[in-house]
Amino acid sequence: DGPDPDPRRPHRNPVLCVVNLDPLAGQAAVLDLDLVALGIDPSRPFQVHDLLSDQHFTWHNRHPYVELHPQDQPGHVFRVSQPPAGRLPDDAPA
């Protein structure tokens with residue numbers, strides 16, 4: 001893991017890209033994310049919004065599972081966010 005991010009500069013709008021480069025077969029993997037480098041508190045769930053499919057997911061740890069299929073969705077471009085403790089995400093149902 002890299003050094004802790006500078007607490008004086010909050011991370012805004014981190015983006016995570018996951019791509020299947022195999023044009024013929026689906027691929028699956030468990031990711032290993034450096035949550036601190038993304039500005040995420042590893043002790044709390046966080047949200048990812050796939051900007052390509054408009055799907056929203058809540059992830060609970062640094063090892064999410066992803067599956068990519070060339071015919072359906074060959075990649076993800078995730079916007080990663082985590083509201084301050086005690087607040088709901090902006091897109092949470094009221």
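Look a little higher up for the structure.
Residues numbered from 1 in each chain as written. Predicted model: local features only at pLDDT ≥ 70, side-chain atom pairs only at ≥ 80, totals over all residues. Heavy atoms only, no water.

Participant: Describe the sheet that holds strand β3 (residues 46-50), listing the residues and the values that go with them.
Facilitator: One open sheet accounts for four strands, arranged β1-β6-β3-β4; its pairing is antiparallel. In this open sheet, the two strands that pair with only one neighbour each are β1 (15-19) and β4 (56-59). For this sheet, the mean angle separating the axes of adjacent strands, direction not counted, is 30°. Of the strand pairs in this sheet, β3 and strand β6 (residues 75-81) are connected by four bridges, and their pairing is antiparallel. Bridge assignment links D50 to a residue of β6, and that residue is F78. (Pairing = 2+ DSSP bridges. Helix = DSSP H or I, 4+ residues; strand = E, 2+ residues; numbered from the N terminus. Axes fitted to C-alpha atoms, helices over the stretch in contact; angles between N-to-C directions.)

Participant: Tell me about the side chain of D50, and name the residues and values.
Facilitator: Looking at where D50 falls in the secondary structure, it is placed in strand β3. Despite its burial, D50 pairs with no opposite charge, the nearest such side chain being R79 at 10 Å. Of the polar contacts made by the side chain of D50, one reaches the side chain of S53; its length is 3.3 Å. Once residues lying within four places of it in the same chain are set aside, the contact partners of D50 are Q55, Q73, G75, H76, V77 and F78. (Buried < 20%, exposed > 50% of the residue type's maximum accessible area, 1.4 Å probe, protein only. Lys, Arg positive; Asp, Glu negative; His and termini not counted. Salt bridge = Lys/Arg side-chain N within 4 Å of Asp/Glu carboxyl O. Polar contact = N/O pair within 3.5 Å; in protein donor to acceptor, adjacent residues only side chain to side chain. Contact = heavy atoms within 4.5 Å.)

Participant: Describe in detail the pairing of β3, supporting the description with residues and values.
Facilitator: Most of β3 sits out of view: five of its five residues are buried. Side-chain alternation along β3 places F46, V48 and D50 on one buried face and Q47 and H49 on a second face that is also buried. Bridge count for β3 against β4 is four bridges, and the pairing is antiparallel. Looking at the pairing, H49 lines up with H56 of β4.

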